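Each chain, written out:
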Amino acid sequence: MNGLKLHDLRCFDAVASEGSFQAAALALNRSHPSVFAAVARLEQLLRLTLLDRSGYRVGLTEAGREFHARAQLTLRELDHLRTYAGQLASGEETVLRVVVGDLCPRPQILPMLSGFFAERTGTRLHLEYEAVGGPLERLMEGEADLIFHRADPSDPHLERIHLCAVPLVPVVAPGFLPFAPGREIAPEQMRPFTQCVIRDTARRPSPESYFPSTVRISARCRII
């Protein structure tokens, strides 16, 4: 729409929201004549009567109500665009890609993420779940910015923050013959048997195979 000015649109929105030209002028820190002229200019450009000026208070015409609803959406999008540009200029993340690993204690981690993003409303969370070697693969291939998963403290490519330790408890199906019901089972007793715990979601599964009694969960990001 050639000739449409953002200033005129904001003046019209202020008049529609505040109910008078004077109140709109105060809200925008503008003069009454400048707001009046802006709305008149907008109506002339659109060839629509947006405001009913016949009463004590200014009201919207039917066309004005419909146009105002769409105008508010446009103004909100412009405000979001301005915020987004500010984030880009300051280096703040606009999207944070987070992967939660299979052994991650979700009741502890999810409230932590919720609190973080509640304070950073301009950053969008992209949250996914991966198992076994999947989280690290996503991180190393640049498909995630942060993962919550077990970490190798000796890996120089990763920045690691220790969060907690998660105990692993070996279990067997009821009635499995080599073990008596109700007896405690040690990891060493299970090593001779084929164990199926969870499917590896990595596209190229790691040959790593182990059964520790405790897994240490870390928040990790890749050092570039």
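Anything mentioned here points back to the structure above.
For every chain, the first residue of the written sequence is number 1, and numbering continues from 1 along that sequence. pLDDT decides what is reported in this predicted model: residues at 70 or higher carry local features, side-chain atom pairs at 80 or more are listed and counted, and totals for whole chains, interfaces and linings draw on all residues regardless. Hydrogens and water molecules were not included; the side-chain quantities draw on all heavy atoms of the structure.

A. Just the overall build of the chain, in detail. The helix and strand labels rest on DSSP assignments: H or I over at least four residues marks a helix, E over at least two residues marks a strand, and numbering proceeds from the N terminus. Within the chain one finds seven helices and seven strands. Reading the helices (α) and strands (β) of the chain from amino to carboxyl end gives α-α-α-β-β-α-β-α-β-α-β-β-α-β. Burial statistics for the chain: of 224 residues in total, 31% are counted as buried. When the accessible surface of the chain is totalled, it reaches about 14600 Å², and 55% of it is carbon and sulfur. The buried label applies to any residue whose accessible area, calculated with a 1.4 Å probe on protein chains only, is under 20% of its type's maximum; exposed applies above 50%, and partly exposed to all values in between. Computed by Shrake-Rupley with a 1.4 Å probe, the accessible areas treat only the displayed protein chains as cover when residues are assessed.

B. Examining the pattern of salt bridges more closely. We define a salt bridge as a contact between a side-chain nitrogen of Lys or Arg and a carboxyl oxygen of Asp or Glu at a distance within 4 Å. Summed over all chains, the structure comprises 13 salt bridges. Two residues, Arg82 and Asp79, come together in a salt bridge whose shortest N-O distance is 3.2 Å. One end of the pair is Arg82 and the other is Asp79, both in helix α4 (residues 62-90) and three residues apart, which spans about a single turn. Of the charged contacts in the structure, one is a salt bridge between Glu141 and Arg203, with a shortest N-O distance of 2.7 Å. With a gap of 62 residues between them, Glu141 in the loop between α6 (134-140) and β5 (146-150) and Arg203 in the loop between α7 (187-190) and β7 (214-222) connect regions that are remote in the sequence.

C. Looking closely at unusual backbone geometry. Even without being a glycine, Asn29 presents a positive backbone phi close to 60°. Position of Asn29 among the secondary structure elements: in the loop between α2 (21-28) and α3 (32-46). At Arg47, a position not held by glycine, the phi torsion is positive, near 60°. Its relative accessible area of 77% is what places Arg47 among the exposed residues.

D. Main features of α3. Counted at 1.5 Å a residue, the expected span for α3 with its 15 residues is 21 Å, and the 22 Å between its end C-alpha atoms agrees. Turning to α3, its buried residues are Val35, Ala38, Val39, Leu42, Glu43 and Leu46. Summarising the axial view, the buried residues of α3 lie within an arc of 130°, below the 170-degree limit, and thus occupy one face. With respect to the buried face of α3, the exposed residues turned more than 90 degrees away are Pro33 and Gln44. Those residues of α3 hidden inside the fold are in contact with α1 (6-18), α2, β1 (51-52) and α4. Each residue after the first adds 1.5 Å to the expected span of a helix. It is the directions from the helix axis to the C-beta atoms that the arc portrays. Contacts were defined at the residue level, with two residues in contact if any of their heavy atoms lie within 4.5 Å.

E. Representation of the packing of aromatic side chains within the structure. When two rings of Phe, Tyr or Trp (its six-membered ring) have centres within 6.5 Å they constitute a pair, described as stacked for plane angles under 30 degrees, edge-to-face for angles over 60, and tilted for the intermediate range. Inspection of every chain in the model, using the stated rule, returns three aromatic pairs. When the centroid spacing of 5.8 Å and the interplanar angle of 50° are considered together, the rings of Phe12 and Phe67 count as tilted. Placement of the pair is Phe12 in helix α1 and Phe67 in helix α4, with a sequence separation of 55 residues. The class for Phe12 is buried, based on a relative accessible area of 0%.

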